[in-house]
Amino acid sequence: MTALQTYLTALAPGIDIVAGCAGMSEDQLRAAGAPNKTARTLLTLADALFAPTSFTRLQRQAVTAARDRAHPLPTLEVIERYASRAKTKRDAWRLRVELCRTAADTDEMEKLARKKLRELNPPAPPRPGVRIRRRKDAPWTLAITGPSSLIADLESSLDEDAPLDSVAELFSPSDAAPAARPTITTNAIITLDELDRIIDGDGEEITIQLTNGARITGTELVSRTLAERGLITLVHPFEGAVNLYRTERMASEKQRLMAAAENPVCPWLECNYPADKCQVHHLQAWRHGGDTNMANLATCCPYHNGVNDDDPNAPPIRGRLVRRRGRVVWQPPWADPAPAPSPDAPVPPAPAAPQL
Ligand SMILES: [Zn+2]
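Rules behind the numbers
Residues numbered from 1 in each chain as written. Predicted model: local features only at pLDDT ≥ 70, side-chain atom pairs only at ≥ 80, totals over all residues. Heavy atoms only, no water. Helix = DSSP H or I, 4+ residues; strand = E, 2+ residues; numbered from the N terminus. Buried < 20%, exposed > 50% of the residue type's maximum accessible area, 1.4 Å probe, protein only. Contact = heavy atoms within 4.5 Å. Areas by Shrake-Rupley, 256 points an atom, 1.4 Å probe, with all protein chains shown as cover. Phe/Tyr/Trp six-rings, centres within 6.5 Å; stacked < 30°, edge-to-face > 60°. Lys NZ or Arg CZ within 6 Å of the ring centre and 35° of its normal. Patch = residues over 30% accessible without salt bridge, like charges linked within 9 Å, V, L, I, M, F, W, Y side chains within 5 Å. Salt bridge = Lys/Arg side-chain N within 4 Å of Asp/Glu carboxyl O. Lys, Arg positive; Asp, Glu negative; His and termini not counted. Charge placed at Lys NZ, Arg CZ, Asp CG, Glu CD. Pairing = 2+ DSSP bridges. Axes fitted to C-alpha atoms, helices over the stretch in contact; angles between N-to-C directions. Parallel < 35°, antiparallel > 145°, perpendicular 65-115°, else oblique. Left-handed = near helix turned anticlockwise from the far one by under 90°. Nonpolar A, V, L, I, M, F, W, Y, C, P; charged D, E, K, R; others polar.

For the chain, the name recorded in an unreviewed UniProt entry is HNH endonuclease, with Corynebacterium curieae as its organism.

Following this line, the structure appears as structure tokens:
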């Protein structure tokens, strides 16, 4: 016989090999030439099938069946792997007897054993609830388990073509009032150089770690932060025309938002009137031919809008708002209107605080 034949033949009467090591220690088995893993496997099987038990009748039936079927050692290992997972010792012995009595090769035995064990240990019904799975560097999972009617209702509200987007819309509708939207109350950890890059438009390249465990890009951070204040449109390109030229005197809502973003308070010197309560002012007055275009618009408090020297040909009294080097600034009445004074010119004294 070749060594291979000897090996395979020796595997066949698996139960006799196991019987032979009953009562031996791991050391003794190793001393007899068994590799470590083999020694442990043999001892596990010997403990299971030959150790004293109160189920002597079932034990005897299992050993007899294993010998009659001549199950090789690997098949006995499979049987024991599943039988040992039964909930009670009685169930374990019944499973050993049933499997040992079955004529099957190792693969078939594995399938059968798995099926029988599942019958003995049926999986618990899923518990209702919402569970989250947070993965490092991979998408997260939010699993919802509940009554079939609820889950079916939820599923029917989803857009088949964009299920993820519709879930986001269900949880935090984009048209909800800012107060109704969930507020992020977590710390975003961001370094100054990353902040610079986000401001420069490289936000998509930056990953920001939040203290709630999530990771978002710099662009998402900007969107979410502004979304909380109801100004999400400011970080998206405006659709359609922003400039209205001479078609409309009144600034549009988009223009009002953009003007407020440019000047969060009235740009008149020393005036802190908030843009949300400001009017939108034409730098070159509408009646003097000024366009309703962003370059010609500025937020301005009602008081300063009223005292602004709108007529460029009339003698200046209180000064006026002008755009100089892209920025809206107050031009004092004593300034020479043309050419625009150097930005390095000394700052004029503040006018008396307006009565509002
Ligand atoms: Zn003002």
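The number of helices and strands found in the chain is 14 helices and nine strands. When each of the 356 residues of the chain is scored for burial, the buried share is 28%. Put simply, of all contacts in the chain between residues at least 6 apart along the chain, 49% involve residues at least 24 apart. Accessible surface computed for the chain: about 23,000 Å², of which carbon and sulfur atoms make up 55%.

Let us now look at helix α6 (residues 73-83). Along α6, eight of the 11 residues are buried, which leaves the element largely enclosed by surrounding structure. For α6, the set of buried residues is Leu73, Thr75, Leu76, Val78, Ile79, Glu80, Tyr82 and Ala83. Tucked into the core, α6 has its buried residues touching α1 (3-11), α2 (14-20), α4 (36-50), α5 (56-69), α7 (89-100) and α8 (106-120).

All right, on to the packing of aromatic side chains then. With the rule as written, the count across this model stands at two aromatic pairs. Measuring from ring centre to ring centre gives 5.9 Å for Trp268 and Trp330, while their planes differ by 40°; the resulting arrangement is tilted. Here Trp268 is found in the loop between α13 (253-262) and β6 (279-282), whereas its partner Trp330 is found in strand β9 (residues 327-331), with 62 residues between them in sequence. With a relative accessible area of 8%, Trp330 lands in the buried category. Plain terms: the ring middles of Trp330 and Trp334 are 6.1 Å apart, the flat faces sit at 85° to each other, and that makes the pair edge-to-face. Residue Trp334 is classed as exposed on the basis of its relative accessible area of 56%. Among the aromatic residues, ring-to-ring pairing joins Trp268, Trp330 and Trp334 into one connected group. The ring of Trp93 carries the charged tip of Arg96 above its face, separated from the ring centre by 4.4 Å.

To continue, consider the environment of Leu8. Here Leu8 is to be found in helix α1. Taking the C-alpha atoms as reference points, Leu8 and Pro72, 64 residues apart in sequence, are found 8.7 Å from one another.

This paragraph deals with a positive patch on the surface. A surface patch of positive charge is lined by Arg57, Arg60, Arg90, Arg94 and Arg101. Broken down by secondary-structure element, the contributors of at least two residues to the positive patch are α5 and α7. Mapped onto the elements of the fold, Arg60 is located in helix α5. Of the residues examined, Arg60 reaches a relative accessible area of 54% and is grouped as exposed.

A few words now on the pattern of salt bridges. Two side chains with opposite charge may pair up if their charged atoms get near one another. In total, this model carries 11 salt bridges according to the counting rule given. Close ionic contact of Arg40 with Glu26 constitutes a salt bridge, the shortest N to O distance being 3.6 Å. With Arg40 in helix α4 and Glu26 in helix α3 (residues 26-31), this residue pair connects regions lying 14 residues apart in the sequence.

Turning to the environment of Asp68, a few remarks are in order. Note on placement: Asp68 falls in helix α5. Judged by its relative accessible area of 63%, Asp68 is exposed. Placed 35 residues apart in sequence, Asp68 and Ala103 show a C-alpha to C-alpha distance of 9.8 Å.

Quick look at a nonpolar patch on the surface now. A surface patch of nonpolar side chains, amounting to about 850 Å² of accessible area, comprises Val130, Ile132, Trp140, Leu142, Ile144, Leu150, Leu154, Val167, Leu170 and Phe171. Where the nonpolar patch is concerned, the elements lending two or more residues are β1 (129-133), β2 (141-145), α9 (148-156) and α10 (163-171). Note on placement: Leu154 falls in helix α9.

Moving on: the pairing of β9. Bridging between strand β8 (residues 320-324) and β9 involves five bridges; their strand directions are antiparallel. Paired with Leu321 across the bridge in β9 is Trp330. Counted along the chain from β8 to the antiparallel partner β9, the turn is two residues long, and its residue Arg325 has a positive phi close to 50°.

With that settled, the discussion passes to the environment of Met24. As for its placement among the helices and strands, Met24 is situated in the loop between α2 and α3. Judged by its relative accessible area of 28%, Met24 falls in the partly exposed class. Sequence separation of Met24 and Ala39 is 15 residues, and the distance between their C-alpha atoms is 9.9 Å. Residues in contact with Met24, not counting those within four places in the same chain, are Leu29 and Leu43.

As a further point, take the packing of α6 against α7. Contact geometry of α6 with α7 gives a least axis separation of 9 Å together with a crossing angle of 155°. As judged from the angle between their axes, α6 and α7 are roughly antiparallel. For the element pair α6 and α7, the recorded crossing hand is right-handed. Seen from α6, the contacting residues are Ile79, Glu80, Tyr82 and Ala83; seen from α7, they are Ala92, Leu95, Arg96, Leu99 and Cys100. Taken together, the residues of the contact of α6 with α7 break down into seven nonpolar, no polar and two charged.

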